[in-house]
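One letter stands for each residue in the lines below.
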2 protein chains.
Amino acid sequence: MKPLLQIALDHTDLVSALDTVHRVKDYVDVVECGTILCFCEGIKTVSVIKTLCPEKIVVCDLKCCDAGEILAKQAFSAGAKWMTVVCAAPLATMITTKKIADSYQGEIQIELFGNWTFEDAKEWVKNGITQAIYHRGRDAQAAGQGWSQSDLDKMKRLSDLGIGLSVTGGITPESISTFKDINVKVFIAGRALSAAADPKKAATQFREQIDKYWD
Amino acid sequence: MKPLLQIALDHTDLVSALDTVHRVKDYVDVVECGTILCFCEGIKTVSVIKTLCPEKIVVCDLKCCDAGEILAKQAFSAGAKWMTVVCAAPLATMITTKKIADSYQGEIQIELFGNWTFEDAKEWVKNGITQAIYHRGRDAQAAGQGWSQSDLDKMKRLSDLGIGLSVTGGITPESISTFKDINVKVFIAGRALSAAADPKKAATQFREQIDKYWD
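Looking at helix α3 (residues 44–52) of chain A
All names here are of chain A.
Then comes step 1: Along α3, the positions that sit buried rather than exposed are Thr 45, Val 46 and Ile 49. Looking down the long axis of α3, one finds its buried residues gathered within 100° of arc, a one-sided arrangement.
Then comes step 2: Looking at the packing, one finds that the buried side of α3 touches β1 (4–9), α1 (14–24), β2 (30–33), α2 (35–41), β3 (57–64) and α4 (68–77).

Right under this line is the structure:
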């Protein structure tokens, strides 16, 4: 399947986020209420975005570590289709969160940071979790750390376990080809779309690259 | 130093949280805007709590994994004195977050989940981070996992590295003695205080136990 295109809304206020939504929503498949936005404005952002983009997949990027049941109920009842859980969360949290997700026909995505292992990943798959987010962190990025062969090898191994990957961290149309051997489910773009003078053109450039490398 | 007493506000709405604040704030040292509350109502909860409890330490339990600079600026400018960062966050995120914390004379607390190592902990200390939160997760707790000797041994090793520990997860006055050999900085209570018919009495029971085991 062709990778989808996701806009990450990482604004600190809802009005700025809505400006981006207004400009880019017609050109993406998935709209993400980012952690920053959720923390600054609260869970209502998810309801607002879902109301404005009823036909899009809405992701609530809570990066849940604990209290999965309560957070998942909040996110999915607000209209999220996907919600993120940090890989460092206890398996009990992942299972609880997935159960709530299932009841809303939603899914959880494991966000990969730090010392996760492939043994962990096998446990996720065994528990029916099929999505993960491979992340070049904003701060790692700012510290000049790029995509390495080690990153790509890990992504490939995760794909091979049956996990659909969302890839994020300074993704541009030029970087898409880097991931051509990986089963990418979603490319997440932030400023490459939101700061583009012509978001439609920017999205088209992403799609052209995606079409070139995936059937 | 004697451990402090912290109330965790993990409500899904600000009004319920304020009801608890109103009832317990005179009996605690630290008031925590929990992850659930922050996500449900947004960062304004920190400003509201700080306004109502100007003389208390306010913790913003963001469980930051990334985007440390933006999140820390939000939390500390809203009045937080401490802010949580997940142990799985890249070291770059911890360093960035700590830099912002320093500029507000605040501190960050590393929240321990999953596969952290003592090598990680040494890096935290080396970078001037002096607090961590040892957590029996809500979901782990619900799954019947208690405090083990392994937990206590890890806490002791962290103390010995110079890290002040906040201890959380179903803490009651009866469980305080479990931690008597550890350099506990804060005991975090939730329902043991907020659901008590007489919060003053419940807090006194905590203080009595603390006085018994710490000078």
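Some thoughts on the relation of the copies chain A and chain B
Then comes step 1: Rotating chain A by 180° and moving it 0.0 Å along the rotation axis overlays it on chain B with an RMSD of 0.0 Å. Between the two chains, the operation in question is that of a two-fold axis. When each C-alpha of chain A is compared by its distance to the rotation axis, A:Gly42 comes out closest, at 1.9 Å.
Then comes step 2: The overlap is high: 100% of the interface residues of chain A also sit at the interface in chain B, so the same surface is used on both sides.

Description of the confidence of the model for chain A
Atomic detail in the predicted coordinates should be set aside for any region of low pLDDT.
Then comes step 1: Chain-level statistics for chain A give a pLDDT mean of 94 and a share of 98% at 70 or above.
Then comes step 2: For this predicted complex, the interface score ipTM comes out at 0.89, while the overall pTM is 0.91.

Re the sheet that holds strand β7 (residues 164–168) of chain A
All names here are of chain A.
Then comes step 1: Judged by pairing direction, the barrel is parallel, and its 8 strands sit side by side in the order β1-β2-β3-β4-β5-β6-β7-β8 before closing back on the first. For this sheet the average axis-to-axis angle between neighbouring strands, irrespective of direction, equals 30°.
Then comes step 2: Where β2 meets β3, 4 bridges bridge the pair, whose relative direction is parallel. Bridging across to β3, Val 30 finds its partner in Ile 57.

Some words on the pairing of strand β6 (residues 131–135) of chain B
Residue and element names in this part refer to chain B.
Then comes step 1: Of all the 5 residues making up β6, 5 are buried; the element is thus mostly covered by neighbouring parts of the structure.
Then comes step 2: Residues of β6 alternate between two faces, with Gln 131, Ile 133 and His 135 on one and Ala 132 and Tyr 134 on the opposite face, all of them buried.
Then comes step 3: Pairing between strand β5 (residues 107–112) and β6: 3 bridges, direction parallel. Across the sheet, the residue bridging to Glu 111 is Ile 133, located in β6.
Then comes step 4: Between β5 and its parallel partner β6, the chain crosses via helix α6 (residues 118–126), and the hand of that crossover is right-handed.
Then comes step 5: As judged from the 5 bridges shared by β6 and strand β7 (residues 164–168), these two strands associate in the parallel manner. Across the sheet, the residue bridging to His 135 is Thr 168, located in β7.

Here's the deal with the interface of chain A and chain B
Then comes step 1: Facing 36 residues of chain A, the contacting portion of chain B comprises 36 residues.
Then comes step 2: Buried area between chain A and chain B, summed over both chains or domains, comes out near 2,900 Å², and the portion from carbon and sulfur atoms is 69%.
Then comes step 3: Along the contact surface separating chain A from chain B lie 0 salt bridges.
Then comes step 4: Of all the secondary structure elements, the ones that give two or more residues to the side of chain A that touches chain B are α2, β3, α4, α5 (91–103) and α7 (138–142) of chain A.
Then comes step 5: Among the elements that make up the side of chain A that touches chain B, the one with the highest residue count is α2(A) (6 residues).

Description of the sheet that holds strand β1 (residues 4–9) of chain B
Then comes step 1: The sheet built from 8 strands closes into a barrel, its strands ordered β1-β2-β3-β4-β5-β6-β7-β8 (chain B) with parallel pairing. Each strand of the sheet is rotated relative to its neighbour by a mean of 30°, with strand direction disregarded.

Concerning the layout of surface pockets
Then comes step 1: Quantified by volume, the largest pocket comes out at close to 1,200 Å³.
Then comes step 2: Around the largest pocket sit 48 residues that line it, and A:Ala88, A:Asn115, B:Ala88, B:Phe113 and B:Asn115 are the ones nearest its centre.
Then comes step 3: Only α5, α6 (118–126), β6 (131–135) and α8 (149–160) of chain A together with α5 (91–103), α6, β6 and α8 (149–160) of chain B provide two or more residues apiece to the lining of the largest pocket.

Observations concerning unusual backbone geometry
Then comes step 1: One non-glycine residue with positive phi stands out, namely A:Gln105, at about 55°.
Then comes step 2: Secondary-structure assignment places A:Gln105 in the loop between α5 and β5 (107–112).
Then comes step 3: Judged by relative accessible area, A:Gln105 falls into the exposed class, the value being 65%.
Then comes step 4: Notably, B:Lys63 is not glycine yet its phi reads approximately 50°, a positive angle.
Then comes step 5: In this structure, B:Lys63 sits in strand β3 (residues 57–64).
Then comes step 6: Overall, the relative accessible area of 9% leaves B:Lys63 in the buried class.

The rules we used
Residues numbered from 1 in each chain as written. Chains lettered and ligands numbered in written order. Predicted model: local features only at pLDDT ≥ 70, side-chain atom pairs only at ≥ 80, totals over all residues. Heavy atoms only, no water. Buried < 20%, exposed > 50% of the residue type's maximum accessible area, 1.4 Å probe, protein only. Helix = DSSP H or I, 4+ residues; strand = E, 2+ residues; numbered from the N terminus. Arc of directions from axis to C-beta. Contact = heavy atoms within 4.5 Å. Least-squares fit on C-alpha atoms with pLDDT ≥ 70 in both. pLDDT = per-residue confidence, 0-100. Pairing = 2+ DSSP bridges. Axes fitted to C-alpha atoms, helices over the stretch in contact; angles between N-to-C directions. Right-handed = clockwise from strand over helix to strand, strands pointing away. Buried area = accessible area lost by both parts, 1.4 Å probe. Salt bridge = Lys/Arg side-chain N within 4 Å of Asp/Glu carboxyl O. 1 Å grid on protein atoms, 1.4 Å probe; cavity = no way out; pocket = protein on both sides within 12 Å on 5 of 7 lines; lining within 4 Å. Points joined across faces, edges and corners; volume = space filled by probe spheres on them.

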